[in-house]
Amino acid sequence: MARIDLKGLAHSYFPDPKTDEDYALRRMEHVWEDGGAYALLGPSGCGKTTLLNIISGLLTPSHGQVLFDGKDVTNLAPEERNIAQVFQFPVIYDTMTVYENLAFPLRNRGVDAKRVDARVREIAGMLDLTGKLKQKARGLGADEKQTISLGRGLVRDDVSAILFDEPLTVIDPHLKWVLRRKLKEIHNKLRPTMVYVTHDQVEALTFADKVVVMYGGKVVQLGTPQELFENPAHTFVGYFIGSPGMNIMDCKIDDGAAWVDGQRIGLSDRLLEAVSKQTGKIELGIRPEFLTLETGDAAKGSDGVDVNIIKVEDLGQYKIATTRFGASEIKVKLGEDEQVVGQSGVLRFAPEWTKLYADSQLVA
Ligand code: ADP
Ligand code: MG
């Protein structure tokens, strides 16, 4: 397995790119450690497939280099890079049996029959395909065909990396959950370098040790699921990760505090000091988990932000209250037993979890 270095990597599909907008991938510099499980997470069109195809060699980047274990592979074809790739839709041979499909990547490389048999049975066992090994692929459903594609991606144990491009798109929700857990198990057992593309945060956060969040052709944060939750480096990460995402509001800094729509929100001294050096548009961000909402008698005399309560949704394990003051709509996560009385209340911001962003970047 390999460590992957992306050096000054950028890509434009245009022959003569001029502005940032001409780039599907903006310049990036990253090291992905050997044996890591990485998820590339971001909305449709942000450049995930472009980046994956550059790593696999299906696409040559217009700028920069890709290194595997320090060796420049930028101009090598996929076959020469020793990687396995699993695509969004099944890539299998309909006329072959499930066994033959799984064996193909090994036989193709001249692996001896005994070893082929052992690996095919091991992978089939992991993916619950053992009972279907003798069946022709033709008659199988889309789910099963895609499971075979996953198996073909996993069957070799000598690849530098295994790349997955939204591999569970055609799989039904229950099986999706099962396969995601299997992939995680396989990763823990065999420790291949895995890069897993998805637009689904749940998928990314359950699969990966490290999540690479992409937005508009840029990597906006690379971190553990906990880092993305606790310290979003960019407002997009705050908003995209979490359910619901981070509350983000325009604010002004004045008189030792943040002001949002005329209401005062206290900040730590450290943050005040850091923001004093910033220019650019300042926004305040706080996750729904770090707000408390007081209503009824508890709200009387409380200092905090006065809000109107628009609605309270009971989601079983917890409740989400939607509140408003001025132009800001703010979501608050409440415990399942917390009661909300009346249509107004006071919001309290935990200062240690109140973040500031300057031109969308975390002020740290
Ligand atoms: P994602 O996989 O995150 O949905 P892509 O990497 O497929 O994103 O696309 C990133 C950007 O590059 C998009 O704006 C897309 O329209 C553009 N793009 C992708 N493939 C091509 C191509 N072959 N030619 C021109 N533009 C492309
Ligand atoms: Mg894609």
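Owing to the predicted nature of the structure, the values given are computational and were not obtained by experimental measurement. All residue numbers refer to positions counted from 1 along the written sequence of the respective chain. Chains carry letters and ligands carry numbers; both start at the beginning, A for chains and 1 for ligands, and go up in the order they are written. Only residues with pLDDT of at least 70 are given local features in this predicted model, and only at 80 or more are side-chain atom pairs given and counted; all residues enter the totals for whole chains, interfaces and linings. Think of the side-chain values as coming from all heavy atoms in the structure, minus any hydrogens and water.

S.K.: It is not clear to me how the site of ligand 1 should be interpreted in this structure. Could you clarify?
M.R.: In the neighbourhood of ligand 1, the contacting residues comprise Tyr13, Ala24, Pro43, Ser44, Gly45, Cys46, Gly47, Lys48, Thr49 and Thr50. Whenever a nitrogen or oxygen atom comes within 3.5 Å of another N or O atom, the pair is scored as a polar contact, on the condition that within protein one atom can donate a hydrogen and the other can accept it, and that pairs from neighbouring residues in sequence are kept only if both atoms are in side chains. In this structure, cysteine 46 approaches ligand 1 through a main-chain N or O atom, which is 3.2 Å from an oxygen atom. When the free accessible area of ligand 1 is taken as 560 Å², the share hidden by the protein chains comes to 53%. Amino acid classes used here: Ala, Val, Leu, Ile, Met, Phe, Trp, Tyr, Cys and Pro are nonpolar; Asp, Glu, Lys and Arg are charged; the rest, including Gly, are polar. Taken together, the residues that form the shell around ligand 1 break down as 4 nonpolar, 5 polar and 1 charged. Near is defined per residue: the residue qualifies when any heavy atom it owns lies within 4 Å of the molecule or strand. Residue exposure ignores everything except the shown protein chains as possible cover, and the areas themselves are Shrake-Rupley values with a 1.4 Å probe.

S.K.: Got a minute to help me understand a nonpolar patch on the surface in this structure?
M.R.: In this scheme, patches are assembled from residues that exceed 30% relative accessible area and form no salt bridge. Like charges are connected within 9 Å, while nonpolar side chains (Val, Leu, Ile, Met, Phe, Trp, Tyr) are connected within 5 Å. The term salt bridge refers to a side-chain nitrogen of Lys or Arg lying within 4 Å of a carboxyl oxygen of Asp or Glu. Together, Leu58, Phe87 and Val91 make up an exposed nonpolar region whose accessible area comes to about 250 Å². Among the structural elements, leucine 58 can be located in the loop between α1 (48–56) and β4 (63–68). Strands here mean DSSP runs of E at least two residues long; helices mean DSSP runs of H or I at least four residues long; both are numbered from the N terminus.

S.K.: What exactly am I supposed to notice about the packing of helix α4 (residues 113–126) against helix α6 (residues 173–190) here?
M.R.: The relative placement of two packed helices comes down to the angle between their axes together with the axis-to-axis distance. Axis lines are fitted through C-alpha atoms, for helices just across the contact stretch, and the angle between N-to-C directions can take any value from 0 to 180 degrees. Packing of α4 against α6 brings their axes to within 10 Å, and their N-to-C directions diverge by 135 degrees. One way to sum up the angle between α4 and α6 is to call them oblique. Along the contact surface, α4 presents Arg119, Glu122 and Met126, while α6 presents Lys182, Ile186, Lys189 and Leu190. Per-class residue counts for the contact of α4 with α6 are 3 nonpolar, no polar and 4 charged. Angles below 35 degrees are treated as roughly parallel, those above 145 as roughly antiparallel, those between 65 and 115 as roughly perpendicular, and all remaining angles as oblique. Between two residues, a contact is recorded if the distance between any of their heavy atoms is within 4.5 Å.

S.K.: I keep staring at the layout of surface pockets and nothing clicks. Help me out?
M.R.: Any space left empty among the atoms is revealed by the rolling of a water-sized probe across them. Lining residues are defined by having an atom within 4 Å of a point belonging to a cavity or pocket. Those points lie on a 1 Å grid over the protein atoms alone, cavities being sets where a 1.4 Å probe fits but cannot get out and pockets being open sets with protein on both sides within 12 Å along at least five of seven lines. Grid points are joined across faces, edges and corners, and a volume is the space filled by probe spheres set on the points. Reported here for the largest pocket is a volume of approximately 620 Å³. Considering the residues around the largest pocket, the lining is formed by 22 residues, among which Ile83, Ala84, Gln85, Pro105 and Arg152 are closest to the centre. Listing elements by their share of the lining of the largest pocket, those giving two or more residues are α2 (78–81), β6 (83–86), α3 (98–107) and α5 (142–154). Of all the elements, β6 adds the most residues to the lining of the largest pocket, at 4 residues. Looking at the lining of the largest pocket residue by residue, the class counts come to 12 nonpolar, 6 polar and 4 charged. Put simply, the second largest pocket is a space of about 200 Å³.

S.K.: Would you take a moment to explain the environment of alanine 84 for this structure?
M.R.: Relative to the assigned elements, alanine 84 resides in strand β6. With 231 residues separating them along the chain, alanine 84 and leucine 315 place their C-alpha atoms 41 Å apart. Once you skip the residues sitting within four places of it in the chain, alanine 84 turns out to touch Gly153, Val159, Ala161, Ile162 and Leu163.

S.K.: Help me understand α1, please; the structure alone is not making it clear to me.
M.R.: Residue pairs spaced three or four apart in an α-helix point in one direction, given the helix's 3.6 residues per turn. Here's how the labels work: a residue is buried when its accessible area is under 20% of the maximum for its type, exposed when over 50%, partly exposed in between, all with a 1.4 Å probe on protein chains only. α1 sits mainly inside the fold: 8 of its 9 residues count as buried. Among the residues of α1, those classed as buried are Lys48, Thr50, Leu51, Leu52, Asn53, Ile54, Ile55 and Ser56. Following α1 by one or two positions, glycine 57 adopts a phi angle in the positive range, close to 100 degrees.

S.K.: I keep staring at the UniProt feature "domain: ABC transporter" (unreviewed entry) in the protein and nothing clicks. Help me out?
M.R.: UniProt positions are given in the numbering used here, feature names are shortened, and annotations may be inferred rather than shown by experiment. UniProt's feature table lists "domain: ABC transporter" (unreviewed entry) at residues 4–241, given in the numbering used throughout. For the annotated span residues 4–241, helix accounts for 37% and strand for 23% of the residues, and the straight-line distance between the end C-alpha atoms is 25 Å.

S.K.: Would you take a moment to explain the sheet that holds strand β18 (residues 318–325) for this structure?
M.R.: Paired through backbone hydrogen bonds, the strands of a sheet run either parallel or antiparallel to each other. One open sheet accounts for 5 strands, arranged β16-β20-β17-β18-β19; its pairing is antiparallel. Both outer strands of the open sheet, β16 (291–295) and β19 (328–335), are each paired with one neighbouring strand and no more. Between one strand axis and the next, the sheet turns by 45 degrees as a mean value, whatever way the strands run. As paired strands, β18 and β19 are joined by 8 bridges and run antiparallel to one another. Its bridge partner being in β19, phenylalanine 325 is matched across the sheet by serine 328. By definition, two strands form a pair when at least two bridges between them are found by DSSP.

S.K.: It is not clear to me how the pattern of salt bridges should be interpreted in this structure. Could you clarify?
M.R.: Side-chain pairing between opposite charges can occur once the charged atoms of the two side chains come close. Per the stated rule, a full pass over the model turns up 23 salt bridges. A salt bridge links glutamate 122 to lysine 189; its shortest N-O distance comes to 3.7 Å. Highlighted residues: glutamate 122 in helix α4 and lysine 189 in helix α6, separated in sequence by 67 residues. For glutamate 122, a relative accessible area of 30% puts it in the partly exposed group. A relative accessible area of 56% means that lysine 189 is categorised as exposed. A salt bridge links lysine 132 to glutamate 144; the shortest N-O distance between them is 3.1 Å. Here lysine 132 is found in the loop between α4 and α5, whereas its partner glutamate 144 is found in helix α5, with 12 residues between them in sequence. A relative accessible area of 24% places lysine 132 in the partly exposed class.

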